[in-house]
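Architecture at a glance
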Amino acid sequence: MITAIIVQARMRSKRLPGKVLKTVLGKSLLEYQTERLRRVTLADKIIIATTTNTTDQPLVEFCQQHSLPCFRGSEEDVLGRYCGAAASHEVDVIVRVTADCPLIDPKVIDKVIRCYLDSQGSFDFVSNTLARTYPRGMDCEVFPALLLEEIEREATAPPDREHVTPFFYRHPDRYRLGNVTHESDQSRHRWTVDTSEDLELITRMLKTLYPVKPQFTLEDCLHLVKEYPEWELLNAHVAQKQYGE
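Keep in mind the model is a prediction, meaning the values are calculated, not measured. (Residues numbered from 1 in each chain as written. Predicted model: local features only at pLDDT ≥ 70, side-chain atom pairs only at ≥ 80, totals over all residues. Heavy atoms only, no water.)

**Some thoughts on the overall build of the chain**
Across its full length, the chain carries 9 helices and 9 strands. For 245 residues, the compact-globule formula gives about 18 Å, and the C-alpha radius of gyration of the chain, at 17 Å, lands near that figure. Over its C-alpha atoms, taken along the principal directions, the chain stretches across nearly 45 × 40 × 30 Å. When burial is assessed residue by residue, the chain has 55% of its 245 residues classed as buried. Sequence-distant contacts, at least 24 apart, represent 72% of the contacts inside the chain between residues at least 6 apart. For the chain, the accessible surface area stands at approximately 10800 Å², while carbon and sulfur atoms represent 50% of it. Each charge class in the chain was averaged separately, 31 positive and 36 negative side chains, and the resulting centres sit 3 Å apart. (Helix = DSSP H or I, 4+ residues; strand = E, 2+ residues; numbered from the N terminus. Rg over C-alpha atoms; globule rule 2.2 N^0.38 Å. Buried < 20%, exposed > 50% of the residue type's maximum accessible area, 1.4 Å probe, protein only. Contact = heavy atoms within 4.5 Å. Areas by Shrake-Rupley, 256 points an atom, 1.4 Å probe, with all protein chains shown as cover. Lys, Arg positive; Asp, Glu negative; His and termini not counted. Charge placed at Lys NZ, Arg CZ, Asp CG, Glu CD.)

So, in structure tokens, the structure goes:
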């Protein structure tokens, strides 16, 4: 059974174009993220799922430079893109993350995967966002490729095609859903990158954490923002998009 982390990524972000290749300390945000994803113990591979747009050629080159598999598909039909990426690499279990989460903790991802695996088929879909207790930027979803193929055949509504997984949690009568929670509610924190304000916060966090502890954890991030509470005012006003890359 092959478990793969499939990362959806593109350069044409509406609020912060090119955000995933913005650099901090000479490394792109996507490089920080994939470095962290490589430490997920329960995944066999990482696949970058980008688009066929010429604007996303830099992401293809990034994958070549860092020996990462890359799949190119539709920009708008992200559901189809995920199915194509999974099929082309014979993936059985998909771990979905987005490319705007450079601080994501591999231990959190392992926890979500472990919940799915330990359920022994009791869950069709497991995430840590159905009841949000983790900071934004730690989001992770796990589900079987066969069920995503089923959804890909049935889903016709544009939001289902664009946002990959809503079909699961809009049909709780059909799919068995599991949720992983943090020991305390930390959902007020926003550590995803979608605006220049987000980027400023993440830049400060990376510049402080990475040089002294490259394998920093979620707990290290929480301790840091507790030490510098004023930092989180930088993006406290940013409204989260309902879905998106």
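Now that the structure has been shown, the text picks up again.
**What to know about the packing of aromatic side chains**
One pass over the full model with this rule turns up 8 aromatic pairs. Geometrically, the ring pair formed by Tyr32 and Tyr210 is edge-to-face, given 5.0 Å between the ring centres and 85 degrees between the ring planes. Separated by 178 residues along the polypeptide, Tyr32 in helix H1 (residues 29–37) and Tyr210 in the loop between helix H8 (196–209) and helix H9 (218–227) bring together distant segments of the chain. A single burial state applies to Tyr32 and to Tyr210, both of which are buried. Pairing Phe143 with Phe168 gives two aromatic rings, centres 5.3 Å apart and planes at 40 degrees, and the pair type is tilted. (Phe/Tyr/Trp six-rings, centres within 6.5 Å; stacked < 30°, edge-to-face > 60°.)

**A closer look at the environment of His163**
The topology assignment puts His163 in helix H6 (residues 158–163). For the pair His163 and Cys70, spaced 93 residues apart in sequence, the C-alpha to C-alpha distance is 19 Å.

The values reported here are purely geometric and, on their own, carry no functional implication.
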